[in-house]
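Residues per chain, in single letters:
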Number of protein chains: 2
Amino acid sequence: MTSQLESAMEGLIKVFHSYSSKEGDKYKLSRAEMKSLLQGELSDFLAGSNDPLVVEKIMRDLDENQDGEVDFQEFVVLVAALTVACNEFFIQSQNK
Amino acid sequence: MTSQLESAMEGLIKVFHSYSSKEGDKYKLSRAEMKSLLQGELSDFLAGSNDPLVVEKIMRDLDENQDGEVDFQEFVVLVAALTVACNEFFIQSQNK
């Protein structure tokens, strides 16, 4: 049986590949695939930003090895940072 | 509507808190809570190790600030590393 934690990990892998396989290197997110992932999966986060360049900025921050593509490890860094931020928001809301 | 990525992130937060809330600081995993989480959520990973001290070692590695407890940020580092490893295994199996 798959545990809740294993399901979450599997979900991260599936989401990444469902976008990264669309064009070019099927194990990396191109700029267009990253944009599509952010819009499809994190539209609530993006909606909170008024910056029209937010996707460009995220892409530049994530692409540590500067190859214009985001690999799974770079993607997981984004998800980890967002999840830590969500957790802090959750704790604050609990303590009100 | 919650996207697959948001569900995965939510799953990580829920799993952590379902164990961290059992004793002491409810937003951190004590040694006992960490052991319980590893055994309950990642038993397949632990079963692959013959090292009886594996839980102790993971705990020591994760507890960056040496306070004997694992906070959410420290926990996410473990999950990220495991997920990257799973993803590599997945890619290798696809390419066989």
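So, here's what we can say about the structure. Values in this document were obtained by computation on a predicted structure and should not be read as measured data. (Residues numbered from 1 in each chain as written. Chains lettered and ligands numbered in written order. Predicted model: local features only at pLDDT ≥ 70, side-chain atom pairs only at ≥ 80, totals over all residues. Heavy atoms only, no water.)

A few words now on the relation of the copies chain B and chain A. Mapping chain B onto chain A is achieved by rotating through 180 degrees and translating by 0.0 Å along the same axis, at an RMSD of 0.0 Å. In symmetry terms, the pair is related by a two-fold rotation axis. Residue Ala8(B) of chain B places its C-alpha closer to the rotation axis than any other residue of that unit, at 2.1 Å. Taken together, the interface assignments show that 100% of the residues at the interface of chain B recur at the interface of chain A, consistent with an identical surface on both copies. (Least-squares fit on C-alpha atoms with pLDDT ≥ 70 in both. Contact = heavy atoms within 4.5 Å.)

Right, let's talk about the packing of aromatic side chains for a bit. Residues and elements named next belong to chain A. Counted according to the given criterion, the structure contains 6 aromatic pairs over all chains. Note on Phe-16 and Phe-75: the rings are 5.2 Å apart at their centroids and 50 degrees apart in plane angle, and the pair reads as tilted. Note that Phe-16 is positioned in helix α1 (residues 4–20) and Phe-75 in helix α5 (residues 72–94), a separation of 59 residues in sequence. By the burial criterion, Phe-16 is buried, and Phe-75 matches it. (Phe/Tyr/Trp six-rings, centres within 6.5 Å; stacked < 30°, edge-to-face > 60°. Helix = DSSP H or I, 4+ residues; strand = E, 2+ residues; numbered from the N terminus. Buried < 20%, exposed > 50% of the residue type's maximum accessible area, 1.4 Å probe, protein only.)

In this complex, chain B contributes 34 residues to the contact, which on the side of chain A involves 34 residues. Contact between chain B and chain A buries roughly 3100 Å² in total, counting both sides, with carbon and sulfur atoms accounting for 73%. Its largest share of buried area at the contact with chain A, chain B owes to Leu5(B), Met9(B) and Tyr27(B), together 21% of the area lost on that side. Elements supplying a minimum of two residues to the side of chain B that touches chain A: α1 (4–20), α2 (31–41), α3 (43–47) and α5 (72–94) of chain B. (Buried area = accessible area lost by both parts, 1.4 Å probe.)

All names here are of chain B. As for its placement among the helices and strands, Val-70 is situated in strand β2 (residues 70–71). Sequence spacing of Val-70 and Gly-11 is 59 residues, and the spatial spacing of their C-alpha atoms is 18 Å. If we ignore the near neighbours within four places in the chain, the residues touching Val-70 are Phe-16, Lys-28, Leu-29, Met-34, Met-59, Leu-62 and Phe-75.

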